[in-house]
Structure formats: structure tokens, C-alpha cells
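# Structural description and commentary
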Amino acid sequence: MWRLSAFLRRCITTSPSRHRKKDSLFIIHPDVKEALADHRPVVALESTIITHGMPYPHNLSTAKEVEAIVRAEGAIPATIGILEGSIHVGLSSDELDFLAQSKMALKVSRRDLPYVICKGLSGGTTVSGTMIAAHKAGIPVFVTGGIGGVHRDGENSLDVSADLTELGRTPIAVVSAGVKSILDIGRTLEFLETQGVCVATYGDSKSFPAFFSQQSGFTSPYHVSSPQEAADLIASTLSLGLQNGLLLAIPIPEEHAATGQQIEDAIQTAVKEASSKGVTGRDVTPFILQRVNELTNGKSLQANIALIQNNSKVGSQIACALSKHKEKSGGNFRGDIKTRKSKDQRIDSNTIVIGGINVDFIAKGTTKKLVFGQTNPGSVCQSFGGVGRNIADCLSRLGHKPLFISAIGKDSHSDAVLNYCKHMDTSAVARLQDQRTATYCAVITESGELSLGLGDMDIHQQIQEQYVSQFEDQLASASLVVLDGNIPVSTIDYVCHIAKKHAVPVWFEPTDADKACKPFLSESWKALSYTSPNLAELCTMNHTLGLPTPTELPRSLEDILGCVPALSRPLLEHLNCVVVTLGALGVMVCGEHDAGTVHLQPQKQKLKGRLCAVHYPALAMSSKETVNVSGAGDSFAGAMMVGILQGLDTDSCVRMGLLAARTSLVSPHPIDPSLTADAIHPEKSHSQLWSKPSCVWIED
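Residues numbered from 1 in each chain as written. Predicted model: local features only at pLDDT ≥ 70, side-chain atom pairs only at ≥ 80, totals over all residues. Heavy atoms only, no water.

The subject of this paragraph is the overall build of the protein chain. When its secondary structure is counted, the protein chain shows 23 helices and 26 strands. Taken over the C-alpha trace, the protein chain has a radius of gyration of 29 Å; the compact-globule value for 700 residues is 27 Å, and the two agree within 12%. Projected onto its principal axes, the C-alpha coordinates of the protein chain cover approximately 90 × 60 × 45 Å. Counting the 700 residues in the protein chain, one finds 56% classified as buried. Within the protein chain, counting contacts between residues at least 6 apart in sequence, those at least 24 apart form 72% of the total. Summed over its atoms, the accessible surface of the protein chain is roughly 29,600 Å², and 51% of this surface lies on carbon and sulfur atoms. In the protein chain, the 63 positive side-chain charges and the 70 negative ones have mean positions that sit 2 Å from each other. (Helix = DSSP H or I, 4+ residues; strand = E, 2+ residues; numbered from the N terminus. Rg over C-alpha atoms; globule rule 2.2 N^0.38 Å. Buried < 20%, exposed > 50% of the residue type's maximum accessible area, 1.4 Å probe, protein only. Contact = heavy atoms within 4.5 Å. Areas by Shrake-Rupley, 256 points an atom, 1.4 Å probe, with all protein chains shown as cover. Lys, Arg positive; Asp, Glu negative; His and termini not counted. Charge placed at Lys NZ, Arg CZ, Asp CG, Glu CD.)

What follows is the structure, encoded as C-alpha cells:
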């Protein structure tokens, strides 16, 4: 585990301000990240309507009203924008206000993203810019006003909106009021067909709408009449894995369509004025919308607001229906067609994790000093932990789906746990009558220091040999078995006996200094292949074996790097590798020397080579970036296991672990729900400058 004195700062999570994490390219609002992790519906919203679509304060009030509509329909709004070079998926009230009043905000399409980000600028994302960010975040439904299209005289000017090509290459369902009537709607529909984009009108009519008007004179290729039908269409589109989007056109409400002809007349006037004044390119649409608003005495603005609000309502209903569809089908709608997996994506069903599940409640005071005996102001948040659960979660998100063996009660907490862990194989998690799911409650100060902790962990003792033995065949043929220190000593002894008999590698994660002794109370430890203690846990292991240990833990890096190899040396008589986590100082990997580093892959017999210890510095992070320290060690261990299972070299395995640990530190959850194999692939992390590891020999 990656334990620091400020234990469990996980609930200190707010929307990043404009002055925080400037080195972060992609920031997901905690509410959005939590909803995605819980498989709840999320609706993406664009921000050019805030920065360029309406005057202040109408833009701000509309943005907030739209978000309120999304919430009222049961979904979570994720307004997307660029703030000082970072892509934000979900904006706070202050951030919305900043964009609404900004005079310098740019209009950011796919083309503009690299420049705006590298210069640290701010802007509103267009349809194409929003689609890119929404897809990266895993949001399948995006609501906007109207999309861009082929401009009139586009056959000569070649002025075609990037929205159309984005729909042809990004698998997102875009809910809009069709295309603006200032565009060439016929050619726009033809272009969408060329791009392979499925287009359907929503409602009673099959006519393709023209933003302010319910009818454009063109018929949609397809038609859906309910949120469920729309969700079915989206699900089938995304599940095919064709990598193109879907356009759902929502006609403006009838009560606001009556002014359509007046607005259309104003549009024609504004188009002529734009041409006579030489307005071109990206400036055309804002000019025309502003001029039309003036010519109609604000009626076009009212209609604009009405159709956006209606789109948000319908789009949220569709997102909720899609979420239910996904829950029933068990699919993820992101290329579910079963194909042969590449080496770094294959599913390893032969890995087994045995350990604990916790439901954690973290109470954080908002005053400098907590006063016992009375109510203190603060915040309380819930998350799901447990070392075994965390590691199984990490492995599952990285393309391996281990069998997870654990125990929970038959209570409301167990329902919440199983719902959160749907992406994992929890078929071997026992639900025990008259038992309570393990819970932990921590009260921490404003600075993150633990003031009081209470744990109800008795159920972990029910993960007994008798229950685990039901899975003996799987244990005997496993490629790796992972044990955490929560389970009973007798269960550890039994698993180690089976593993030794069948030459199965076993990884022991100690959990804490008190539980680190368990395999070392008998000969079971000699069956372990790997262990990942921190320094205190490593001392416990040595002390249990009757070996001398320091009276005080060393603090300086020099002293630590001298102490770790000496304490690891006795364990390496039988273990393949000892991975010692050092918190902010990195990790030290100890084992048999091989080509300048430690031999990490499982081996049936010891090569009797020389022992060494390699120190890998931690990745640089500021204290402001750190949200939660509780799962970083488990993320590190899980990612390192994946590297070993894939047969990667030692440096790659450790670097994958360090990258995974970093994602955990900036997440409110112990295991970041957005963790992917690509995110921690060492060869794909080109921006990360790796410090050179240092190697020392371990003397006999």
C-alpha cells in the first residue's frame, strides 16, 4: 500500500479551479467521473453557446437552466469547455460564469484544440470539439442546439463544418434541432450520408427540422418516436464499432415554431448583410445569429433558448433509456463485438484474487480543529475499497478479469458494492446471512490527518478455507493468485499449500503492518513468489521470522535505500521478488539480477544468480494534485501484475505501476474508474520523463 501520514484524503474532491492542475490536459468533474463509474446516465453539453451563441447574461442563465433540466430528468450534465489549456468535462458554477463573461474565449473545434491547449488559452467547444472530449470521457450522448453543415454556395467555397466530418469518425449520439437554416440542408444531408452517419428525426414527424423551423423541406432517412427507440438505435450503432456518430434531430416545440417564418425572413436579410459586409468563415454564424436576434426583437433568442431546453429534456430522457438498455444487456457499447484480442488487451481468466471488500465513509472537517462531543461542520463521502477488491478492480480495468473471492453481508451495503463492481467477476463473492458487509469510517481533519478511525471488518474472517476450497481446481491451474492480509491465516496457509503443489505464483499484499505477519507465522511464506510491502510491513515480516529489525524506521532516502536491501535479503531465499513501496520516494524492486535489472518473471527454480535492488523514483506530483492516497499502492501492484502476466520487461512493469498509482492519487476513488491499458502503456506515455533507476548489489 502507498501509505502516508495523511491517510485517506479521498473525500477532498471538488471541481478543479482555473488555477489548479494547469499541467493536466484532461479534467473530469468529480460528479461526472462518479456518475460514469456508477454507470449512471451522463449528458455532454457544448460551450460555444455560452461563449459565442448568446449575449451575457442570457448565455449563463441558459447554461444553468439546461444543466438543471438534465438533472431533473435523472442524468448528470457535463458541460465541456477549455480553461487555460485544459479540457474540462463538467464545469463548476464559477467556471460557467468565467466562460460566460470572458471576452477572450475562443471558438474551439478539432482544428483549434492543439493551439488552444499549447498556449494555455480558454474557449467554448464546438460540436466537433465537444464530441472529441465526450468520447474520450466515455459519454455516449451529447446535446446541442444545432449542428453546422455545408454552407450555401459550399460547392464553390468548400465551406463545410467540421461537425460533419466529426460525426463521421467519432462514435457519439448527437441530439440537436437539425442544422441551421442559414446552411444548405440538402447538401448537408448528402454529406452526412457520405460520412456514413445515421440520421433520424425524433417525434411524430419524419421531416428533418431546420433549427427554428420544424420542417426543412427534406425528409430524414430514419425516424424514432420515443426515448426507448432512440436508445435502441444508439446502442446498435455504437455496438457495431463502426467509429462513426449518430444524429438525432429534435423539432422545435410547436408553441415556439409559429415565429419560424418571421425568423426565416430575418435570416435571409442577415445572410445578405453578411455577404455585403464581407463576413466569412467562422464569423458568419455568430454574425447572423446576432443580427437575426436584432431583426426579430429578441424572438429568435427566445426560440433558440426554447429549442435548446427541449433538446436537453429529450436528450436526457434518451440518455436515461440508454443507461437502462446498457444495464440490461451488460454491454459497454464501445465495440462489444467479440474479436480476437491483442496481447496487451487479452482477458486473463486464470488470475484469482482473494481478499477483502470495504465500504468506506470518510468524514472531513472543514474547521482547523475538531471538537469531540459535539457536531462539527464537514463533508461525508462514500467509496468502495478493500485491498483485494482494489487489485481485482485494477486488473479488470486493464483488460484482465480475475475471479475475485471474498465475502459480504446481505445488506444495503452489499447491494451498493455489487452494483459498483459490475465490471468485475464477483461470482465467487459470498453473500452471508446475518453478517455485515465490512465498513470503515474515518474522521479526518481539514489538513487530511486521521483524527479517528472505526472499522467493522469481522466478515473478512469468514473467507475461510472451507469456502475457498470450492475453487481448488481454478487455484491449481491459475497463472497468478493474489492474497491480501485481510483473510484468515488458515486460508493463506491452504492457498499457499495448493500453489506450491502446482507451482502457481502467489503475490501477497500485506494490507497493513499488523497483518503483514500472517504468511510468516508458518512455512507458508516459502510458497510466495511476490510481495509488495511498505517499509513498516517489511520490518514486520522480518520480525515475525525472528530477524533483527531497526528500532526506528529510517527517514532519509540514503538510509532507506540502505535498509531495504538488507531487510529483503532473507525473504529472497524463497521469494522471486520483493517490491517495497516507498510512497513519495518511489519503489525498490529486489530480486535476482538479470541484464542490469531484477528478473521479474515467474521461474520454476531459482537461477541462483546474484541479488540486487533497483530503486525507481516516484513520478513528480504536487500536493494540490493529490486527492486520495488510499488506493495508489493497490493500483501500482495491480498494474505491475498485468505487466508480469503479459511477459513485459521489469522497467515496463514498474513504469505501468507508477502511472497507475498516479491516476489513483488524482481520483476520489481508490482505483480510478477511467483507468485503461492505453493510459499506462509505458511506450505511449511519451510526455512522461522517466528518472533513471539506480541499482545496488545485495550482499550475502
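Now that the structure has been shown, we can carry on.
Time to look at the domain arrangement of the protein chain. Accessible area lost upon the coming together of the parts serves often as the stated size of an interface. As far as domains go, the protein chain holds domain 1 (26-330), domain 2 (346-496) and domain 3 (529-699). Here domain 1 and domain 2 have C-alpha centroids that lie 42 Å from each other. (Domains from an automatic or database assignment.)

Between helix α15 (residues 387-397) and helix α22 (residues 632-645), the shortest axis-to-axis distance is 8 Å and the interhelical angle comes to 45°. Taken together, the axis directions place α15 and α22 in an arrangement best described as oblique. Crossing of α15 over α22 shows right-handed handedness. Between α15 and α22, the contacting residues are Val 387, Asn 390, Ile 391, Cys 394 and Leu 395 on the first element and Asp 634, Ser 635, Gly 638, Ala 639, Met 641 and Val 642 on the second. (Axes fitted to C-alpha atoms, helices over the stretch in contact; angles between N-to-C directions. Parallel < 35°, antiparallel > 145°, perpendicular 65-115°, else oblique. Left-handed = near helix turned anticlockwise from the far one by under 90°.)

Let's shift gears to the side chain of Ser 312. In this fold, Ser 312 is placed in helix α14 (residues 299-329). Engagement of the side chain of Ser 312 in a polar contact is seen with the backbone oxygen of Ile 308, the distance being 2.8 Å. Beyond its immediate stretch of four places on either side in the chain, Ser 312 contacts Val 66, Ile 69, Val 70 and Val 143. (Polar contact = N/O pair within 3.5 Å; in protein donor to acceptor, adjacent residues only side chain to side chain.)

Let us look at the nonpolar core. Judged by nonpolar contacts, the single largest core of 95 residues is most densely connected at Val 89, Ile 139, Ile 234 and Leu 248. With 11 residues, α14 is the largest single contributor of residues to this core. The next biggest cluster of nonpolar side chains, apart from the first, holds 53 residues, and it includes Ala 37, Leu 398, Val 654 and Leu 659. (Core = buried A, V, L, I, M, F, W, Y, C linked by side-chain atoms within 4.5 Å.)

Under the criterion given, the structure shown has 16 salt bridges. A salt bridge links Asp 672 to Lys 33, with the shortest nitrogen-to-oxygen separation between them at 3.7 Å. Of this pair, Asp 672 sits in the loop between α23 (650-665) and β26 (694-697) while Lys 33 sits in helix α1 (residues 30-37), and the two are 639 residues apart along the sequence. Neither residue differs from the other here; Asp 672 and Lys 33 are each classed as buried. (Salt bridge = Lys/Arg side-chain N within 4 Å of Asp/Glu carboxyl O.)

Counting buried residues along strand β22 (residues 577-581), 5 of its 5 residues qualify, which places the element largely inside the surrounding structure. In β22, alternate side chains face the same way, and those of Cys 577, Val 579 and Thr 581 on one face and Val 578 and Val 580 on the other are all buried. When strand β21 (residues 530-531) meets β22, the two strands line up parallel, connected through 2 bridges. Its bridge partner lying in β22, Tyr 530 is registered against Cys 577. Taken together, the 5 bridges between β22 and strand β23 (residues 587-594) define a ladder with antiparallel strand orientation. Note on β23: the bridge partner recorded for Val 580 is Met 588. Taking the residues between adjacent antiparallel strands as the criterion, β22 and β23 are bridged by 5 residues, where Gly 583 takes a positive phi near 60°. (Pairing = 2+ DSSP bridges.)

Applying the stated criterion across every chain yields a total of 4 aromatic pairs. Ring geometry for Tyr 467 versus Phe 471: centroids 5.6 Å apart, planes at 75°, classification edge-to-face. With a centroid separation of 5.6 Å and an interplanar angle of 25°, the aromatic rings of Phe 520 and Trp 525 are classed as stacked. Look at Phe 520 and you get buried, because its relative accessible area is 3%. Since its relative accessible area comes to 7%, Trp 525 is described here as buried. The ring centre of Phe 26 lies 5.1 Å from the NZ or CZ of Lys 136, which sits over that ring. (Phe/Tyr/Trp six-rings, centres within 6.5 Å; stacked < 30°, edge-to-face > 60°. Lys NZ or Arg CZ within 6 Å of the ring centre and 35° of its normal.)

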